[in-house]
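Report on the structure
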Amino acid sequence: MTHLLDKLLRILVASFIALMVVVVTWQVISRYLMSDPSPWTEEVARMLLIWVGLLGGVYAYREKAHLGIDLLPQKLGPVGRKRLSIFADLCCGLFAIAVLVVGGSALVQLTWELHQTTAVLGIPMALVYTVLPLSGLLTAWYSFVSIRDYAAVDGDGEGA
Amino acid sequence: MTIAVLIIVFFALLALGVPIAFAIGISTLATMLVSVDTLPALTTVAQRMAGGLDSFSLLAIPLFILSGQLMGQGGIAKRLIDFAKCLVGMLPGGLAFVNVISCTLFGSISGSAVAATSAIGSFMMPTMVKDGYPREFSAALTATAATTGMLIPPSNILIVYAVASGGVSISALFVGGYLPGILIAIALMVVSAIYARRYNFPAGERVSFGEFASKTMAAVPSLLLIVIVIGGILGGVFTATEAGAIAVLYALLLATLVHGEVKLAHLPDILLKSTLTTAIVMLLIATSMAMSWILAFENIPAMVAEALLTLSNNPILILLIINIILLIVGAFLDMTPAVLIFTPIFLPVALELGMSPLHFGIMMVMNLSIGLCTPPVGTVLFVACAVGKTRIAEILRPLIPMFLAMFVALMLVTYIPGFSEWLPTYFGLVE
């Protein structure tokens with residue numbers, strides 16, 4: 001389950017980045033070679049960035065790549081380090097549920113009711129903002145997986 | 001009061017090892033909950049996060065990260081080093097100069113100080129140690145020289161500043177970064193020259209003209225990227241974001257067809273690595289934008305401006321104070337949140353003092369790049385120690401004169417606007 005999710009997430013974020021390159025390149029080509037500037041490229045690229053930023057954020061969280069200060073964890077023994085890791089994951093998971101899932105869903109609902117759409121293509125903003133609860137759920141899931149993995153390891157069994 | 005909540009929650013979470021992006025988000029939320037109802041607070045933070053990423057300028061960041069990854073895959077570091085060796089290798093302490101110049105050149109292609117440190121450092125540090133340079137000196141020099149890439153375009157952090165400042169032209173910032181970046185490189189080479197005299201660093205061999213020509217030719221395709229990107233921006237052919245896409249295409253062609261170092265099968269991996277780097281920056285941007293919003297909402301920038309301006313009305317003194325605060329901030333905080341959070345706070349003060357937003361941005365980025373190689377939190381410093389197989393406690397001694405040199409360069413850029421403004425003005429990028 002988690003493996004499949006990892007794979008899906010990786011494919012999704014990598015294709016979004018590749019798509020971004022294509023869209024922005026198309027913007028330059030359409031302006032110069034076809035002297036007919038494409039009206040939609042900028043908007044699509046911006047929406048892609050929001051999705052890449054947030055879903056990529058989940059991927060980085062899964063890979064434990066987000067920057068943090070590990071001065072205190074390094075000074076502690078294995079048990080303390082394990083507790084801190086669990087605490088940090090708990091913080092991330094709770095933040096994801098509160099802000100991204102709850103706040104994000106409210107935002108999706110609000111923009112849906114107000115019929116807010118993007119300027120050029122008329123994409124509902126609610127659709128763009130769907131990435132908030134989506135990445136929130138994923139972050140919460142990965143935080144749970146990470147905590148479970150830490151808890152499964154004996155305090156002194158874990159290396160650096 | 002509310003600001004106390006923000007500061008306490010933020011630093012507590014940071015110290016406990018919560019990732020910075022989340023620590024920023026959680027402390028922002030905590031601050032908002034003091035004065036706003038729960039659901040509106042949650043919705044606002046979510047909205048600020050998504051809205052913070054909604055910018056065509058920021059789009060340039062993943063593109064330059066991707067082109068840097070593509071360029072960095074192959075032997076570009078080696079080619080740049082060989083080229084720099086032809087230029088300065090024969091001087092006493094030549095390898096130190098080669099290190100600084102290749103880091104600067106690498107920075108103008110990749111824009112990541114960490115990438116420069118590991119790519120250039122993994123070639124240069126063993127070579128320097130073999131030739132009798134102290135290991136700690138080599139590591140310290142690589143770390144500091146790598147930070148020039150923050151100022152020399154393409155630079156992601158300058159893009160972040162452009163967004164934070166609300167509309168300074170990225171093109172102007174890019175061009176304005178050249179002289180200050182080169183100034184740091186010169187400052188570091190002065191330190192190297194003093195070391196070379198004192199410790200009798202060896203000189204490399206003078207190269208024949210034929211070798212010079214062949215090494216230069218080998219480096220030209222990589223260096224051409226600079227011409228395309230900066231030339232295109234200066235000539236008004238494309239925006240910085242579009243330049244990013246063109247850079248990706250050029251790097252892709254170069255790496256696959258010309259150098260043949262990247263195979264199509266490598267591409268998914270390169271895309272994923274770029275996504276990872278991008279995502280780390282983007283989540284920092286998202287939550288920092290939310291924090292910056294709550295600070296504005298609580299009227300913090302105006303309070304800081306008033307406090308600073310009542311403290312003294314001497315611009316020289318105030319700029320010095322701002323610089324010292326930023327140096328301390330930079331020692332603890334990553335550059336991206338530092339720029340996003342402190343630009344709205346200090347920029348109004350700088351404007352009040354008659355500084356241009358362009359000049360202030362260059363000063364701020366230059367200042368914060370010193371923080372990249374200062375303990376306790378210095379990403380570049382950690383990488384340099386890992387690659388150079390030394391420890392932070394040991395490289396601090398040679399770092400001190402380098403910090404001093406960088407500080408002198410910073411003061412020159414702070415008090416002489418010409419360093420950051422002359423080139424952009426010359427190219428008509430600012431009025």
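Residues numbered from 1 in each chain as written. Chains lettered and ligands numbered in written order. Predicted model: local features only at pLDDT ≥ 70, side-chain atom pairs only at ≥ 80, totals over all residues. Heavy atoms only, no water.

Before going further, it helps to examine the nonpolar core. In this structure, Val99 of chain A together with Met49, Ile61, Phe137, Ile285, Ile322 and Phe360 of chain B are the most contacted members of the largest nonpolar core, which totals 214 residues. Looking at this core element by element, the count peaks at 17 residues for helix 14 (residues 267-297) of chain B. Formed jointly, this core draws a minimum of three residues from each of two domains, domain 1 (1-54) and domain 2 (55-426) of chain B. (Core = buried A, V, L, I, M, F, W, Y, C linked by side-chain atoms within 4.5 Å. Buried < 20%, exposed > 50% of the residue type's maximum accessible area, 1.4 Å probe, protein only. Helix = DSSP H or I, 4+ residues; strand = E, 2+ residues; numbered from the N terminus. Domains from an automatic or database assignment.)

Below, the discussion takes up the packing of helix 4 (residues 60-73) of chain B against helix 14 of chain B. Residue and element names in this part refer to chain B. Two numbers describe how helix 4 lies on helix 14: the axes approach to 9 Å, and their chain directions differ by 140°. One finds that helix 4 runs oblique with respect to helix 14. At the point where helix 4 passes helix 14, the crossing takes the right-handed sense. When helix 4 is examined against helix 14, the residues Ile61, Pro62, Ile65, Leu66, Gln69, Leu70 and Gln73 are found in contact with a partner set consisting of Leu267, Ile270, Leu271, Lys273, Ser274, Thr277, Thr278, Val281, Met282 and Ile285. Its residues placed into classes, the contact of helix 4 with helix 14 shows 11 nonpolar, 5 polar and 1 charged. (Axes fitted to C-alpha atoms, helices over the stretch in contact; angles between N-to-C directions. Parallel < 35°, antiparallel > 145°, perpendicular 65-115°, else oblique. Left-handed = near helix turned anticlockwise from the far one by under 90°. Contact = heavy atoms within 4.5 Å. Nonpolar A, V, L, I, M, F, W, Y, C, P; charged D, E, K, R; others polar.)

This part covers the environment of phenylalanine 83 of chain B. All names here are of chain B. Residue position: phenylalanine 83 is located in helix 5 (residues 76-88). When its relative accessible area of 12% is taken as the criterion, phenylalanine 83 is described as buried. Each C-alpha atom of the pair phenylalanine 83 and serine 312 lies 50 Å from the other, and the pair is 229 residues apart in sequence. If near-sequence neighbours (up to four positions away) are discounted, phenylalanine 83 is found in contact with Leu105, Lys215, Thr216, Ala219 and Leu223.

Okay, the side chain of threonine 278 of chain B next. By secondary structure assignment, the location of threonine 278 of chain B is in helix 14. Beyond its immediate chain neighbours, meaning those up to four positions away, threonine 278 of chain B contacts Ile17 and Val52 of chain A together with Pro62 and Ile65 of chain B.

Time to look at the interface of chain B and chain A. Listed by partner, the interface residues are 53 residues for chain B and 53 residues for chain A. A buried area of about 4,600 Å², summed over both sides, lies between chain B and chain A, and 83% of it is on carbon and sulfur atoms. Our count for the contact surface shared by chain B and chain A stands at 2 salt bridges. Across the salt bridge formed by arginine 31 of chain A and glutamate 242 of chain B, the nearest N and O atoms sit 2.6 Å from each other. Linking chain B with chain A are 6 residue pairs in polar contact (both at pLDDT 80 or more). Elements supplying a minimum of two residues to the side of chain B that touches chain A: helix 1 (2-15), helix 2 (20-35), helix 3 (38-53), helix 4, helix 13 (240-258) and helix 14 of chain B. (Buried area = accessible area lost by both parts, 1.4 Å probe. Salt bridge = Lys/Arg side-chain N within 4 Å of Asp/Glu carboxyl O. Polar contact = N/O pair within 3.5 Å; in protein donor to acceptor, adjacent residues only side chain to side chain.)

An α-helix turns once per 3.6 residues; consequently, residues spaced three or four apart project the same way. Across its 19 residues, helix 13 of chain B extends 25 Å between first and last C-alpha, which sits within 8% of the 27 Å expected from 1.5 Å per residue. Buried within helix 13 of chain B are the following residues: Ala240, Thr241, Glu242, Ala243, Gly244, Ala245, Ala247, Val248, Tyr250, Ala251, Leu254 and Ala255 of chain B. Taken together, the buried residues of helix 13 of chain B touch helix 1 (2-32) of chain A together with helix 4, helix 11 (170-199) and helix 12 (209-234) of chain B. A positive phi of about 60° marks glycine 260 of chain B, the residue just after helix 13 of chain B. (Expected span 1.5 Å × (residues − 1).)

Residues and elements named next belong to chain B. The domains assigned to chain B are domain 1 (1-54) and domain 2 (55-426). Here the C-alpha centre of domain 2 lies 29 Å away from the C-alpha centre of domain 1. Counting residues at the interface gives 22 residues for domain 1 and 23 residues for domain 2. Across the domain 1/domain 2 interface, buried area totals approximately 1,900 Å², and carbon plus sulfur atoms make up 80% of it. Ranking the residues of domain 1 by area buried against domain 2 places Ile24, Arg48 and Leu53 at the top, with a combined share of 27%. Applying the counting criterion to the domain 1 and domain 2 interface returns 0 salt bridges. On inspection of domain 1 and its partner domain 2, the count reaches 3 residue pairs in polar contact (both at pLDDT 80 or more).

The next subject is the packing of aromatic side chains. Residue and element names in this part refer to chain B. Applying the stated criterion across every chain yields a total of 17 aromatic pairs over all chains. Both rings, one in tyrosine 195 and one in tyrosine 199, keep their centres 5.6 Å apart while their planes meet at 25°; by these two values the pair is stacked. Highlighted residues: tyrosine 195 and tyrosine 199, both in helix 11, separated by 4 residues, approximately one helical turn. Measuring from ring centre to ring centre gives 5.2 Å for tyrosine 426 and phenylalanine 427, while their planes differ by 90°; the resulting arrangement is edge-to-face. (Phe/Tyr/Trp six-rings, centres within 6.5 Å; stacked < 30°, edge-to-face > 60°.)

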